[in-house]
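Tertiary structure, described
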Amino acid sequence: MVKYIFVTGGVLSSVGKGILTSSIGKMLQTRGLKPTVVKIDPYVNIDAGTMNPYMHGETFVTDDGGETDLDLGWYERFLDVSLKQENNLTTGSIYKSVIEKERHGDFLGRCVQIVPHITNEIKNRIRTAGKAVGADIVLTEVGGTVGDIEGLPFLEAIRQMRVEEGYDNTLYVHVALVPILDVTGEMKTKPLQHSVNELRRIGIQPDTIVARSPKMIDAEALRKIALFGTIPESSVFCSYNAETVYQVPLILDKQGMGDFICQRLGLKCDIKDFTIWQDFVDGMIHPEHEVKIALVGKYAGLSDSYVSMTEALRHGGAACKAKVCISYLEAEKFEREPECIKDLANYDGVFVPYGFGPRGTEGKIAAAKYARENDIPFLGICYGFQLAVIEFARNVAGLTDANSTEINPDTPYPVIDLMPEQRGIEIKGATMRLGAHKVILQKDSLAHKLYGAEEIQERHRHRFEVNLDYIEALKNKGLRFTGKSSDGRRMETIELPDKYFYFATQFHGEFKSRPGRAEPEYFGFIQACLNKKLGKPKA
Ligand code: GLN
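So, a few notes on the structure that sits alongside this text. (Residues numbered from 1 in each chain as written. Predicted model: local features only at pLDDT ≥ 70, side-chain atom pairs only at ≥ 80, totals over all residues. Heavy atoms only, no water.)

Here we come to the site of the ligand. By nearness alone, every residue bordering the ligand is listed as Tyr354, Gly355, Phe356, Cys382, Tyr383, Gln386, Glu406, Arg461, His462, Arg463, Phe464 and His508. For the ligand, a nitrogen atom lies 2.7 Å from a polar atom in the side chain of glutamate 406. A distance of 2.8 Å separates an oxygen atom of the ligand from a polar backbone atom of phenylalanine 464. For the ligand, whose unbound accessible area comes to 300 Å², protein coverage reaches 99%. Here the ligand is seated within the second largest pocket. Mapped onto the shell around the ligand, the elements with two or more residues apiece are helix H15 (383–395) and strand S17 (455–462). Here the residues of the shell around the ligand sort into five nonpolar, four polar and three charged. (Near = heavy atom within 4 Å. Polar contact = N/O pair within 3.5 Å; in protein donor to acceptor, adjacent residues only side chain to side chain. Areas by Shrake-Rupley, 256 points an atom, 1.4 Å probe, with all protein chains shown as cover. 1 Å grid on protein atoms, 1.4 Å probe; cavity = no way out; pocket = protein on both sides within 12 Å on 5 of 7 lines; lining within 4 Å. Sits in = over half its atoms within 2 Å of the grid points. Helix = DSSP H or I, 4+ residues; strand = E, 2+ residues; numbered from the N terminus. Nonpolar A, V, L, I, M, F, W, Y, C, P; charged D, E, K, R; others polar.)

This is the structure:
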């Protein structure tokens with residue numbers, strides 16, 4: 001019998017539901033159980049692919065090419081699983097399939113309604129996600145906040161699942177903010193109480209409540225939450241601020257949340273084993289070194305835009321016992337104030353992330369140039385890779401004004417150009433080159449040394465690529481293309497062998513980086529930053 005856990009949130013969004021859901025999954029997984037996770041995003045978009053990272057954070061790409069919510073990244077990192085597009089539901093995707101069925105005639109004669117047709121579709125998707133991987137438990141996180149109009153059909157669907165699956169097989173977890181007032185230092189539970197009331201109004205009584213608070217909640221707050229939430233005090237837990245989010249499963253498990261869930265759902269489980277996780281966490285909170293990284297990006301104002309990259313850099317740091325301090329720098333600043341580029345000398349490494357469109361690209365190119373000329377370890381990902389190629393073309397290969405046709409369609413040297421199969425595509429949603437593709441690495445290269453393999457599978461998300469017409473010119477000047485697609489026609493990695501560490505990839509290694517198993521390019525980069533800082537010779 002599959003068990004279902006539903007996570008809802010109150011008071012405000014970004015309260016850490018994704019981390020909580022991942023942590024619940026982790027507590028169950030360390031007891032030998034097999035959880036899977038579904039994220040519900042009640043917005044009308046079909047997927048997260050067309051959304052601005054500034055508003056919604058990064059788009060997380062799955063192996064199967066899904067452009068999904070960034071919470072799937074947290075689930076993958078915590079549970080070390082590879083999720084699918086189907087693990088992310090949106091209002092758009094649900095309505096689309098119901099409407100397609102209606103047009104097909106599947107509901108002939110009937111009036112198609114939110115209840116039961118939309119809610120049936122939602123329940124069906126949740127159950128299918130569990131069946132598809134043979135999960136013991138399906139965790140479903142409902143995005144947004146209880147009370148949002150958009151969330152209502154989803155909450156109705158999970159309410160119905162209690163009736164259909166039974167009390168013993170379903171569990172409602174509600175998480176809400178418990179702020180501490182500056183003035184009095186008092187913990188305030190009233191907003192949480194209101195959100196529980198809102199949930200009950202919809203027909204859901206939570207089985208457990210998690211208070212998201214800056215500090216461990218005190219006895220008084222605990223008593224109030226239990227009393228007004230109509231649950232025993234032993235079912236109230238607290239997720240307080242930690243040094244790293246990877247501590248959250250440990251914090252909650254120590255309070256007994258893992259045991260509570262297993263007992264409540266009658267789950268037969270093994271003795272929990274947190275050893276590997278705990279080792280990783282210990283390494284993260286007791287680093288021996290520190291490296292400073294300049295991330296030069298377009299969405300620097302919202303760190304969630306680069307969450308997978310940030311985590312991959314940290315995983316790389318943990319693997320060499322180094323704390324990674326990242327400064328998120330607006331690339332446009334280097335365009336407005338070119339002399340500021342010298343500030344990059346204060347960092348141990350320069351990192352140029354993904355991106356789209358012209359804004360900030362000259363600043364990123366300037367950063368790549370500064371890193372190359374001053375031999376500061378450099379890592380470029382996707383757009384960072386393409387812009388490093390442009391920089392090299394302009395400043396080393398003498399191709400003045402070389403550019404990407406994404407930035408300047410009239411450039412005299414389109415060293416980065418639209419991929420042939422992208423020509424004529426007008427629809428923006430889900431039409432990039434997406435998901436896992438094979439990359440062949442050349443022996444005797446940095447790429448091969450980092451990955452220790454000749455063939456790897458890495459995730460992608462791009463429309464543009466290195467233009468084959470310029471490969472010879474760039475190679476002749478010393479740029480090595482050491483990773484390629486299986487047909488050899490798509491450039492996947494570049495490196496400059498005479499530099500301490502200068503590496504960039506068309507693919508996005510960060511999506512596969514895991515705590516305790518850092519992605520090789522990120523690990524190699526941080527290790528180089530640290531070694532150079534410590535005055536060690538190039539590896
Ligand atoms: N804008 C570039 C492209 O579409 C790079 C995309 C990215 O960085 N993910 O090819």
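There is more to say after this.
In space, the nine strands of this open sheet follow the order S11-S10-S12-S13-S21-S20-S19-S16-S17, with mixed pairing throughout. Sheet topology places strand S11 (322–330) and S17 at the edges, where each strand pairs with a single neighbour. Shown here is a sheet whose adjacent strand axes are inclined to one another by a mean of 25°, direction ignored. In terms of strand pairing, strand S10 (residues 289–297) meets strand S12 (residues 349–352) through three bridges, oriented parallel. If you follow leucine 295 over to S12, its bridge partner there is phenylalanine 351. Contacting S10, S12, strand S13 (378–381) and strand S21 (502–505), helix H14 (residues 361–373) runs over the sheet at an angle of about 140° to S10. Sheet strands in contact with H15 are S12, S13, S17, strand S20 (491–495) and S21, and its direction is about 115° off that of S13. (Pairing = 2+ DSSP bridges. Axes fitted to C-alpha atoms, helices over the stretch in contact; angles between N-to-C directions. Contact = heavy atoms within 4.5 Å.)

So, on to the layout of surface pockets. The computed volume of the second largest pocket comes to approximately 500 Å³. Around the second largest pocket, the lining comprises 26 residues; the ones closest to its centre are Phe356, Lys428, Met432, Arg461 and Arg463. When contributions to the lining of the second largest pocket are tallied by element, the ones reaching two or more residues are H15 and S17. For the lining of the second largest pocket, the residue count by class is twelve nonpolar, eight polar and six charged. (Points joined across faces, edges and corners; volume = space filled by probe spheres on them.)

Moving on to helix H1 (residues 17–29). With 13 residues, H1 should reach 18 Å at 1.5 Å per residue; the first-to-last C-alpha distance of 18 Å fits that figure. Counting buried positions over the 13 residues of H1 gives twelve, a clear majority of the element. Along H1, the residues that are buried comprise Lys17, Gly18, Ile19, Leu20, Thr21, Ser22, Ser23, Ile24, Gly25, Lys26, Met27 and Leu28. (Expected span 1.5 Å × (residues − 1). Buried < 20%, exposed > 50% of the residue type's maximum accessible area, 1.4 Å probe, protein only.)

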